[in-house]
Amino acid sequence: MTQSSLTLQISKLSCGSCVARAEKALHAVNGVDGVAVNLASETAAVSFDSPATPVTITQALSAAGYPAVEDQVKLDITNMSCGSCVARVEKALAAAPAVTDVSVNLASETAIVKFFAGATTPQAVAKAATDAGYPAKLHSEAEPKDDHKAVEMAALRRHLTIAAVLTAPVFVVEMGGHFIPGVHDLVHQYIGMQTSWVLQFVLVTLVLAWPGRFFFTQGLPALFKGAPDMNALVAMGTGAAWAFSTVATFFPALLPAGTRAVYFEAAAVIVTLILLGRFLEARAKGKTGEAIRRLVGLQPKTAYKMQDGMAVEVPISQIVVGDILRVRPGERIAVDGVVVEGSSFVDESMITGEPLPVEKASNDPVTGGTVNGTGGFTFRVAQVGADTMLAQIIRMVEDAQGAKLPIQDLVNRVTLWFVPVVLVLAVLTVIGWLIFGPDPALSFALVAGVSVLIVACPCAMGLATPTSIMVGTGRAAELGVLFRKGDALQALRSAQIVAFDKTGTLTRGRPEVTSVFLNAGLDEAEVMARVAGVEALSEHPIAEAIVRMAQERGYRIAAASDFSAEAGFGVTGMVDGQTVMVGADRMMQRAGIAIEAFTDQAIKIAAQGQTPFYAAIDGALVGLIGISDPIKPETPAAIKKLQNMGLKVALITGDNTKTAHAIAAQLGINTVIAEVLPDGKVAALRDLAKDGAKIAFVGDGINDAPALAAADVGIAIGTGTDVAIESADVVLMSGDINGVCNAFEISRRTMRNIQQNLFWAFAYNTALIPVAAGALYIFGGPLLSPMLAAGAMALSSVFVLTNALRLRWVVPAAPVRQGRAEMELKEATA
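Each chain has its residues counted from 1, following the order in which its sequence is written. The predicted nature of this model means local features are confined to residues of pLDDT at least 70 and side-chain atom pairs, given and counted, to a pLDDT of 80 or more, with totals for whole chains, interfaces and linings taken over all residues. Calculation of side-chain values draws on the structure's entire complement of heavy atoms; hydrogens and water are dropped beforehand.

## Considerations on the overall build of the protein
Here a strand is any run of E in DSSP of at least two residues, a helix any run of H or I of at least four, and the numbering for each starts at the N terminus. Within the protein one finds 30 helices and 28 strands. Note on classification: 1.4 Å probe, protein chains only; a residue is buried when its accessible area is under 20% of the maximum for its type, exposed when over 50%, partly exposed between these limits. For the protein, with 830 residues in total, the buried portion stands at 53%. Sequence separation of at least 24 residues holds for 69% of the intrachain contacts in the protein that already meet a minimum separation of 6. Should any heavy atoms of two residues lie within 4.5 Å, those residues are considered in contact.

## Considerations on the pattern of salt bridges
As a working rule, side chains carrying opposite charge can pair if their charged atoms are close by. Each salt bridge in this description consists of a side-chain nitrogen of Lys or Arg and a carboxyl oxygen of Asp or Glu lying within 4 Å of one another. Applying the stated criterion to the full structure yields 12 salt bridges. Of the charged contacts in the structure, one is a salt bridge between Asp576 and Arg530, with a shortest N-O distance of 3.8 Å. Of this pair, Asp576 sits in the loop between strand E20 (570-575) and strand E21 (578-583) while Arg530 sits in helix H18 (residues 524-535), and the two are 46 residues apart along the sequence. The class of Arg530 is buried, set by a relative accessible area of 15%. Within this structure, Glu526, Arg530, Arg556 and Asp576 form a network of salt bridges that share partners.

## Looking at the pairing of strand E19 (residues 561-566)
In terms of strand pairing, E19 meets E20 through 4 bridges, oriented antiparallel. Each residue of the ladder has a partner; that of Ser561, found in E20, is Met574. Strand pairing requires that DSSP identify at least two bridges connecting the strands. Linking E19 to E20, which pair antiparallel, is a turn of 3 residues; within it Gly568 sits at a positive phi near 85 degrees.

## Here's the deal with the environment of Ser84
By secondary structure assignment, the location of Ser84 is in helix H3 (residues 83-94). Since its relative accessible area comes to 0%, Ser84 is described here as buried. Each C-alpha atom, one on Ser84 and one on Trp417, is 7.6 Å from the other, the two residues being 333 residues apart in sequence.

## Things to note about a nonpolar patch on the surface
Patch membership needs two things, relative accessible area over 30% and no salt bridge, and members are linked within 9 Å if like-charged or within 5 Å if nonpolar (Val, Leu, Ile, Met, Phe, Trp, Tyr). Calculation of accessible area relied on Shrake-Rupley with a 1.4 Å probe; when residues are assessed, cover is drawn exclusively from the protein chains displayed. A contiguous nonpolar surface patch, about 1,000 Å² in accessible area, is contributed by Trp417, Val421, Val424, Leu425, Val427, Leu428, Ile431, Leu434, Ile435 and Phe436. In this structure, Leu434 sits in helix H14 (residues 406-436). For Leu434, a relative accessible area of 42% corresponds to the partly exposed category.

## What to know about the UniProt feature "transmembrane region" (unreviewed entry) in the protein
The feature "transmembrane region" (unreviewed entry), as given by UniProt, occupies residues 159-179, 191-211, 232-255, 261-280, 414-436, 442-465, 758-780 and 786-805 in the numbering adopted here. Structurally, residues 191-211 comprises 81% helix and 0% strand, and the distance from its first C-alpha atom to its last is 27 Å. The annotated region residues 261-280 carries 85% helix and 0% strand content, and the separation between its end C-alpha atoms amounts to 33 Å. UniProt positions are given in the numbering used here, feature names are shortened, and annotations may be inferred rather than shown by experiment.

## Some thoughts on the side chain of Lys305
Take Lys305: it is sitting in strand E8 (residues 302-307). According to the relative accessible area criterion, Lys305 is buried, its value standing at 18%. In protein, a polar contact means a hydrogen-donor-capable atom and an acceptor-capable atom, both N or O and within 3.5 Å, with residues adjacent in sequence counting only if both atoms are side-chain atoms; elsewhere, any N or O pair within 3.5 Å suffices. Here the side chain of Lys305 touches Asp323 through a polar contact of 3.5 Å, side chain to side chain. Apart from residues no more than four positions distant in its own chain, Lys305 is found in contact with Met310, Ala311, Val312, Val314, Asp323, Ile324 and Leu325.

## With respect to the packing of aromatic side chains
The aromatic pairing rule takes the rings of Phe, Tyr and Trp, using the six-membered ring of Trp, and pairs them if the centres are within 6.5 Å, calling planes under 30 degrees apart stacked, those over 60 edge-to-face and the rest tilted. Evaluated as defined, the whole model comprises 9 aromatic pairs. Consider the rings of Phe377 and Phe379, whose centres lie 6.3 Å apart with planes at 55 degrees: the pair is tilted. Considered together, Phe377 and Phe379 belong to a single accessibility category, that of buried residues. Summarising the aromatic geometry, the rings of Phe444 and Tyr777 are spaced 5.4 Å apart at their centres and angled 50 degrees between planes, so their arrangement reads as tilted. Residue Phe444 is found in helix H15 (residues 441-455), and its partner Tyr777 is found in helix H28 (residues 775-778); the two are separated by 333 residues along the sequence. Given a relative accessible area of 30%, Tyr777 falls into the partly exposed group. Ring pairing ties together the aromatic residues Phe201, Trp242, Phe250 and Phe264, which thus form one cluster. Criterion for a charge above a ring: Lys NZ or Arg CZ within 6 Å of the ring centre, and within 35 degrees of the ring normal. Residue placement shows Arg586 over the ring face of Phe569; its charged tip is 5.9 Å from the ring centre. Lying over the aromatic face of Phe569, Arg590 brings its terminal NZ or CZ to 4.3 Å of the ring centre.

## Regarding the sheet that holds strand E24 (residues 648-652)
Taken together, the 7 strands give an open sheet; going across it, the order is E16-E28-E27-E26-E17-E24-E25, and neighbouring strands pair in mixed fashion. Looking at strand neighbours, the two that pair on one side only are strand E16 (481-483) and strand E25 (671-673), the edges of this open sheet. Neighbouring strand axes in the sheet, compared pairwise and without regard to direction, differ in orientation by 20 degrees on average. Bridge count between strand E26 (residues 695-699) and strand E27 (residues 713-717): 4 bridges; the pairing is parallel. Its bridge partner being in E27, Val698 is matched across the sheet by Ile715. Each axis is a line fitted through C-alpha atoms, and for a helix only the stretch in contact is used; angles between axes span 0 to 180 degrees, taken between their N-to-C directions. In this fold helix H27 (residues 738-773) packs onto E16, strand E17 (497-500), E26, E27 and strand E28 (730-732), with an angle of close to 50 degrees to the strand it touches most, E16.

## Let's talk about the nonpolar core
Definition of nonpolar core: a set of buried residues of the types Ala, Val, Leu, Ile, Met, Phe, Trp, Tyr and Cys, connected through side-chain atoms within 4.5 Å. Formed by 134 residues in total, the largest nonpolar core has its most connected members in Leu75, Leu93, Phe500, Leu642, Val740 and Phe744. If we skip the residues at most four places from it in the chain, Phe744 touches Leu492, Ala495, Val498, Leu642, Met645, Leu647 and Ala696. With 23 residues, the next largest nonpolar core counts Leu26, Val37, Ala60 and Phe116 among its residues.

## Quick word on helix H22 (residues 635-644)
Side chains of residues three or four places apart in an α-helix project in the same direction, reflecting 3.6 residues per turn. Listed in full, the buried residues belonging to H22 are Thr635, Ala638, Ile639 and Leu642. The buried side chains of H22 occupy one side of the element, clustering within an arc of 100 degrees when seen end-on. Those residues of H22 that are exposed and aimed more than 90 degrees away from the buried face are Ala637 and Asn644. Looking at the buried side of H22, the elements it contacts are E17, E24, helix H23 (657-667) and H27. Where H22 terminates, the next one or two residues include Gly646, which has phi positive at roughly 90 degrees. It is the directions from the helix axis to the C-beta atoms whose arc is reported.

## Examining helix H8 (residues 213-224)
Every helix has an expected span of 1.5 Å times one less than the residues it contains. Compared with the 16 Å implied by 1.5 Å per residue over 12 residues, the 17 Å span of H8 between its first and last C-alpha is a close match. Buried within H8 we find Phe215, Gly219 and Ala222. The arc enclosing the buried residues of H8, seen along the axis, measures out at 70 degrees, which places them on a common side. Immediately beyond the C-terminal end of H8, within one or two residues, lies Gly226, with a positive phi of roughly 80 degrees.

## Some details on the sheet that holds E21
As summarised here, the arrangement of the 6 strands in space is E18-E23-E22-E21-E20-E19, forming an open sheet in which the pairing is antiparallel. The open sheet has two edge strands with one neighbour each: strand E18 (512-518) and E19. Adjacent strand axes in the sheet meet at a mean angle of 20 degrees, parallel and antiparallel pairs treated alike. Alignment of E21 against strand E22 (residues 611-617), held across 4 bridges, turns out to be antiparallel. Within the sheet, the bridge partner assigned to Val580 lies in E22 and is Ile617. In the packing of helix H19 (residues 541-552) onto the sheet, the strands contacted are E18, E21, E22 and strand E23 (620-628), and the crossing angle to E18 comes to about 70 degrees.

## Brief notes about the packing of H22 against H27
At a minimum axis distance of 8 Å, the contact between H22 and H27 shows a crossing angle of 25 degrees. Comparing their axes, H27 and H22 come out roughly parallel. The handedness of the crossing between H22 and H27 comes out as left-handed. Mapping the contact onto sequence places Ala638, Lys641 and Leu642 in H22 and Asn738, Val740, Cys741 and Phe744 in H27. Orientation categories follow fixed angle ranges, with anything under 35 degrees roughly parallel, anything over 145 roughly antiparallel, 65 to 115 roughly perpendicular, and all other angles oblique. In this scheme, a crossing is called left-handed if the near helix is turned counterclockwise away from the far one by less than a right angle; it is called right-handed if the turn is clockwise.

Written out as structure tokens, the structure is:
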């Protein structure tokens, strides 16, 4: 038995004992003969025979706590034309050594392949697809996608034009008599039937050998390898029609009496119609990637770099981290960075969805692709290229568009066997007509057999899922919803419960002054000037909220002295010779200050989720201040919308039970789980899912990361922490939770679109194969012409693509706030 070898990169090796444990785990695998683990290079070289496999070897490493490192490569693949091609490419790539996962996308003509690092190379993975008859290049090595599509479109247009020009005379001569009386008589009178057939032979041979040669150069090798695809069906169908017609033209004695006829026009029209279908497919496919092109278009091609005190225009490719760039009024910011000098208002709506421009001054971050207002400033470059936020957004959208949903596995399994089954059915159809058909049986058998081959091409099956994914995720990105993981698109549709974190998700995430009650006759501006003066000396978030409220209302902030703070009680200070105290009820009670005058108000605001704080001046109570983390303005409508969509809404928070229930009551949320730690949120999700319900969890903080990862679908607020975003399946680019409604809407519409496409594709093939075989003829109906079969096949693919493109105009389930950048984008691409 041939011995195999495998070299793997291993993670979590830290010392000699780790090496020993890893080697022991590998030696324990039945079939492993030799092991060498290298701590310095963090690799393991393994020699093995059956029954050991790369899978059992890597499983042993994972069980020992030293998992093999996985890498990923994106390939651009050519020559894929149908669902069976996708299945064969996936099969070839999956069979390559050390490959762990494969996702092939027919619409984008790409494959994302995961493999064990060190055990193989991206080039070797690409070679596996190439050897299977589908040339593959690493995505970075290939032509830019737009250029590739433009070349493909130009070639298809040229081949279609040539085929149409050559086919037109054949069609008119052979089929004209069916539409215009007397055409056949004129042909016979002035040209003669034999001469007409010879001219048709010349023209159709040119069609098959020139624009139609692709079907033969790709289809016949696949057929001989035992893996026939759509091209093989077309090649066999048109080749059979051409061959029979050629024999009838030049060697009629070889045919049985009464069977002499030509079908040159069928072969030519089939090629022309299929080229037309592919041309329309290519145009539609180009539109499926519109969202990516729009995002790429947001990045400027040049920027003004400061050199020797002068702003010099340079290509963006020459900008490096640390450069100082000048941004002029109205310009798009080139890359991410931090403001050094100057100030302005920047429209960040393309990132956050917030409609109002954000003020930027020294030390404030700016994001590439956003639009500067009327001011000017310089900033230091912090991220360039693939590290910028815009590049990360584009990468997330591309990953989601290239994803393979669970539903696609079923489609691929079916299409892998579909073409061989069609070949068998075509053979049986021919045999059936030869045995049971009327004279001329051979002619009927040929027509029916060719029709079966052509009408059954599974193009629409292969396009049904990936085109909908590409358009749906692209539209989602335009609405500020990024699917980081493509399978979340299908999982979200199945979710029945949406669980929300409270702080920063349903609420603003920072305390605000939401109520002020004062003794009769007191002026709010004067009282709050003293209170804010004392709080200005504190760094507590509550103090910041009071100071911020005073500033927003234009109150004077008085100077304070003799400041002191006591944790859990409050603060004290001197303002204008008076002692000012601000704190909880326990602070007032300890100081002997009566608070009964505001008991009713305190009970009322506590029921609303506000925390009461009292203010006293020179030992006399002057007022009550309610502090809370206020609900975001859009939250109530978003919760109501989700409930109207048939979803159950739950609140899971670490806040105290009283506050959580108060917030939930205001929002109409019935299920509340409060006072839970981060791990407790995961347990809460399990409890909600005990009846088998699928759960989506929405959060924004570091403490939400475990729950985001544990939920069936984790949805992170884009204004939250990086940890939360990395743990999520879906990212909302703004803090507006209307994005949750839009995520569900896009998911449901996309999955419904996929189901429509699959129904059409499968129902079409199931229904038309018997018709093509002659089922209607038995009952006195017509025999399906191969030309009509080709037209129907092309129409099926065009229908699927057109249906998928409807997702470009999905209306958001909840209003999406737009700023100038988004409006400019829509105008530019209208």
